[in-house]
Amino acid sequence: MKAAPIFEVYEQQKGKRRYLYTKSIAPGYDVYGEKVFKEGSEEYREWDPSKSKLCAAILAGAANVFIRKNDWVLYLGSSTGTTVSHVSDMVGKKGLIFAVDSAPIVTRELVFLSEQRNNIAPILADAHHPESYEHRISQVDVLYQDVSQKDQVDIFLKNIQLFLKKGGYAILAVKARSIDVVKNPKEIYKKVYEQIEQQGLKIVDKRQLEPWQKDHLILFCKY
Amino acid sequence: MNYLFEHLLGMIVCDENGNSKEKYECHSLEDYYKKNEIEKKIRHTFKDLQEPSIEIKKRILETLKHEKNAHAFVEYNRDLTKEAIKNAVTDEFLIIETINAIDDLSRVENMLTKRLRNWFALLNPEYEHVEADNEKLVERIHHKKTEKRKGSMGADLHVSDQEPIIELASEIEKIRHTKIKQEHYLEKVMNRFCPNVTAVAGGVIGARLLVHTRSLQRLAMMPASTVQLLGAEQALFRHLRTGAKSPRHGLILAHPLLVSAPQAMHGKIARALADKISIAAKIDFFKGTFIGDALRKALEEKFS
Ligand SMILES: C[S@@+](CC[C@H](N)C(=O)[O-])C[C@H]1O[C@@H](n2cnc3c(N)ncnc32)[C@H](O)[C@@H]1O
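Calculation notes
Residues numbered from 1 in each chain as written. Chains lettered and ligands numbered in written order. Predicted model: local features only at pLDDT ≥ 70, side-chain atom pairs only at ≥ 80, totals over all residues. Heavy atoms only, no water. Helix = DSSP H or I, 4+ residues; strand = E, 2+ residues; numbered from the N terminus. Pairing = 2+ DSSP bridges. Contact = heavy atoms within 4.5 Å. Axes fitted to C-alpha atoms, helices over the stretch in contact; angles between N-to-C directions. Near = heavy atom within 4 Å. Areas by Shrake-Rupley, 256 points an atom, 1.4 Å probe, with all protein chains shown as cover. Nonpolar A, V, L, I, M, F, W, Y, C, P; charged D, E, K, R; others polar. Buried < 20%, exposed > 50% of the residue type's maximum accessible area, 1.4 Å probe, protein only. Arc of directions from axis to C-beta. 1 Å grid on protein atoms, 1.4 Å probe; cavity = no way out; pocket = protein on both sides within 12 Å on 5 of 7 lines; lining within 4 Å. Points joined across faces, edges and corners; volume = space filled by probe spheres on them. Buried area = accessible area lost by both parts, 1.4 Å probe. Salt bridge = Lys/Arg side-chain N within 4 Å of Asp/Glu carboxyl O. Polar contact = N/O pair within 3.5 Å; in protein donor to acceptor, adjacent residues only side chain to side chain. Core = buried A, V, L, I, M, F, W, Y, C linked by side-chain atoms within 4.5 Å. Parallel < 35°, antiparallel > 145°, perpendicular 65-115°, else oblique. Left-handed = near helix turned anticlockwise from the far one by under 90°.

(A) Structural context of the environment of leucine 4 of chain B. Inspection of the secondary structure puts leucine 4 of chain B in strand 1 (residues 2-7). Residues leucine 4 of chain B and arginine 192 of chain B, spaced 188 residues apart in sequence, show a C-alpha to C-alpha distance of 43 Å.

(B) Spotlight on the sheet that holds strand 5 (residues 42-47) of chain A. Residue and element names in this part refer to chain A. With respect to topology, five strands assemble into an open sheet ordered 1-2-3-5-4, the strand pairing being antiparallel. Edge positions in the open sheet fall to strand 1 (2-3) and strand 4 (36-39), since each of these has one partner strand only. Examined bridge by bridge, strand 1 and strand 2 (residues 10-14) share two bridges and lie antiparallel to one another. Looking at the pairing, alanine 3 lines up with tyrosine 10 of strand 2. Packed onto the sheet, helix 2 (residues 82-91) meets strand 3 (17-23) and strand 5 and runs at close to 140° relative to strand 5.

(C) Quick peek at the site of the ligand. Residue and element names in this part refer to chain A. As a structural note, the neighbourhood of the ligand is formed by 17 residues, with Tyr75, Thr83, Asp101, Asp126 and Gln149 the closest of them. Here the ligand has 600 Å² of accessible area as a free molecule, and 84% of this is covered by the chains. Of the residues in the shell around the ligand, the class split is five nonpolar, eight polar and four charged.

(D) Quick peek at helix 2 (residues 35-45) of chain B. Residues and elements named next belong to chain B. Every buried residue belonging to helix 2 is among Ile38, Glu39 and Ile42, and all of these are buried. Across the axial projection of helix 2, the buried residues extend over an arc of 105°, all falling on one side. The exposed residues of helix 2 that point more than 90 degrees off its buried face are Asn36, Glu37, Lys40, Lys41 and His44. The elements touched by buried residues of helix 2 are strand 1, strand 2 (10-14), strand 3 (20-25), helix 1 (29-33) and strand 4 (49-50).

(E) Geometry of the layout of surface pockets. All names here are of chain B. Quantified by volume, the second largest pocket comes out at close to 250 Å³. Residue lining of the second largest pocket: Phe120, Leu123, Asn124, Ile141, Lys144, Thr146, Lys148, Val159, Gln162, Glu163, Ile165 and Ile166, and that is the complete set. Put simply, the parts of the chain that give the lining of the second largest pocket at least two residues each are helix 5 (91-123) and helix 8 (159-193). The element contributing the most residues to the lining of the second largest pocket is helix 8, with five residues. Classifying every residue of the lining of the second largest pocket by side-chain character gives six nonpolar, three polar and three charged.

(F) The arrangement of the interface of chain A and chain B in detail. Taken together, the contact between chain A and chain B spans 33 residues of the former and 29 residues of the latter. Here chain A packs against chain B, burying approximately 2700 Å² in sum over the two surfaces, 65% of which is carbon and sulfur. Area buried by chain A at its contact with chain B is led by His135, Arg136 and Gln139 of chain A, which between them contribute 21% of it. A salt bridge links lysine 82 of chain B to glutamate 115 of chain A; the nearest nitrogen and oxygen atoms lie 2.8 Å apart. Taken together, the connections running from chain A to chain B amount to 13 residue pairs in polar contact (both at pLDDT 80 or more). For the side of chain A that touches chain B, the secondary-structure elements that each account for two or more residues are strand 7 (96-101), helix 3 (104-116), strand 8 (120-124), strand 9 (140-145) and helix 4 (152-163) of chain A. For the side of chain A that touches chain B, the residue count by class is 18 nonpolar, eight polar and seven charged.

(G) Seen up close, the nonpolar core. Counting 58 residues, the largest nonpolar core has Leu74, Phe98, Tyr133, Phe156, Val192, Ile196 and Leu219 of chain A as its most contacted members. Considering each element in turn, this core owes the most residues, seven residues, to helix 4 of chain A. By size, the runner-up hydrophobic cluster in this structure holds 36 residues, among which are Cys194, Leu210, Ala274 and Leu295 of chain B.

(H) Local environment of the packing of helix 5 of chain B against helix 7 (residues 134-142) of chain B. All names here are of chain B. Viewed as axis vectors pointing N to C, helix 5 and helix 7 meet at an angle of 55°, and their least axial separation amounts to 11 Å. Classified by the angle between their axes, helix 5 and helix 7 sit oblique to one another. For helix 5 against helix 7, the interelement crossing comes out left-handed. For the pair helix 5 and helix 7, contact is made by Thr113, Leu116, Arg117 and Phe120 and by Asn134, Leu137, Val138 and Ile141, respectively. Across the contact of helix 5 with helix 7, the residue classes tally to five nonpolar, two polar and one charged.

(I) Highlighting unusual backbone geometry. Residue and element names in this part refer to chain A. Backbone torsion omega between glutamate 210 and proline 211 reads 0°, so that peptide bond is classified as cis. Here proline 211 shows up in the loop between strand 11 (202-208) and strand 12 (216-222). Of note, the phi angle at phenylalanine 66 is positive, near 65°, even though the residue is not glycine. For phenylalanine 66, the position within the fold is in the loop between helix 1 (53-59) and strand 6 (72-76). Here serine 79, not a glycine, exhibits a phi torsion of approximately 50°, which is positive.

(J) Structural detail: the packing of helix 15 (residues 266-285) of chain B against helix 16 (residues 292-303) of chain B. Residue and element names in this part refer to chain B. Where helix 15 contacts helix 16, the two axes come as close as 10 Å, and the packing angle between them is 170°. Compared by their axis directions, helix 15 and helix 16 come out roughly antiparallel. Residues Lys268, Ile269, Ala272, Leu273, Lys276, Ile279 and Ala280 of helix 15 form the contact with helix 16, whose own contacting residues are Leu295, Ala298, Leu299 and Phe303. When its residues are assigned to classes, the contact of helix 15 with helix 16 shows nine nonpolar, no polar and two charged.

Printed below as a string of structure tokens:
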């Protein structure tokens with residue numbers, strides 16, 4: 001096991017394949033059936049790129065994901081917490097994740113996860129309406145969004161404006177299908193870039209997630 | 001000018017630059033729940049309180065980002081979210097689970113009936129061969145009312161080898177009864193939750209529409225043309241992408257009015273039916289009066 005070029009991520013090369021891991025802050029548990037193993041006194045959890053877009057983005061060549069130890073993160077679209085759990089490992093026990101999702105059933109799992117990991121604050125709310133949770137969170141260093149909504153870019157920008165610190169990073173998973181089922185993804189992405197740059201954000205990296213996720217893109221932006 | 005920001009961690013009074021003048025900290029969620037009382041007190045001291053602007057909120061949110069608050073953020077949000085999840089269980093959830101359970105029971109019933117046929121045919125293939133009605137077959141096997149013909153190809157199984165076959169039949173009957181009970185229950189919840197949709201679409205189709213949209217609100221806000229095609233999305237996308245024939249109906253195809261109508265009328269009926277379902281959903285969502293029967297009658301008079 002060696003540290004990957006990305007902060008708080010570890011890697012191993014097995015044959016042709018590169019495997020990513022995070023160092024578990026909750027040893028003894030797996031979260032979504034991933035492989036967990038001990039090396040020395042540490043426990044590592046394998047990160048599955050077919051289940052986590054952030055992992056896919058790294059394998060697709062992202063050289064930095066801008067999530068650091070002790071960071072506070074606003075995570076929109078946390079679902080049952082697959083990716084959240086790895087971000088939770090990355091920011092560590094002194095970091096914090098505000099994990100927002102609008103669906104009660106998946107958020108139930110997130111509540112259980114937050115009981116295992118003390119750096120996750122689960123919030124059942126609709127990311128369209130940041131004013132409905134502005135009294136429950138604080139400013140953050142990083143904003144991560146993965147919600148399958150037609151107006152996902154509007155949601156992204158609204159939340160950045162209110163919650164992201166100046167100079168912070170915002171990561172957006174774009175699902176072309178959610179924005180328009182018929183249009184060519186390339187055209188959709190172009191519109192997304194324009195909309196984001198108009199708001200004064202700088203796109204510092206973009207990664208297509210093939211072959212792990214079809215018609216998905218991850219954007220890394222600086223505020 | 002003073003501004004008040006009501007936050008989980010405390011009630012904060014600040015100036016136009018977001019500098020805090022007074023902070024009434026919440027040391028537990030109970031404190032936060034008492035915020036109306038505290039607000040009264042604050043308003044007594046600060047007479048000119050305003051809603052904070054985005055800029056002011058941002059400033060306050062920045063000051064709240066502090067390691068010492070992390071624990072409270074997690075605890076309070078977790079408790080609030082638990083409460084919210086508890087309160088989120090509406091009739092929609094019950095309806096969705098029930099219709100899914102009914103579908104599961106049907107599948108299991110079919111699967112086990114096939115197994116029963118194969119198994120029983122070892123004993124009495126002639127009866128199994130002529131009895132096309134599954135329900136009757138199961139019932140007769142269960143109650144041992146299956147005569148064996150002379151010269152049957154069936155094996156002379158020992159009683160102890162027949163018993164498990166009969167037991168399986170009895171189990172299948174039970175499953176069918178459970179399914180029927182749950183269908184009645186579904187009608188009941190549907191009638192209580194969305195009586196108009198239920199009157200027009202029927203309990204089962206109505207419930208399937210809800211499974212699809214996941215909420216009455218979404219069903220109510222949808223244009224009728226979308227309601228008409230719910231459940232036919234794949235065909236619709238194919239149509240949009242490749243220009244294949246456009247579908248004319250989705251889930252509503254199972255409606256008695258469509259089932260009994262000639263093909264040529266399908267498009268027309270589907271449109272009218274979707275229209276009425278859409279109206280019914282809006283009435284149900286906004287808790288209007290019951291006109292479901294009238295809607296249904298109008299359809300029936302026009303098309304049957
Ligand atoms: C693709 S899943 C996210 C998967 C997750 N990011 C992961 O990698 O583990 C999208 C999630 O967004 C949530 N979602 C959709 N619309 C939302 C909204 N308006 N506000 C908050 N969450 C939303 C859905 O409930 C769903 O759980």
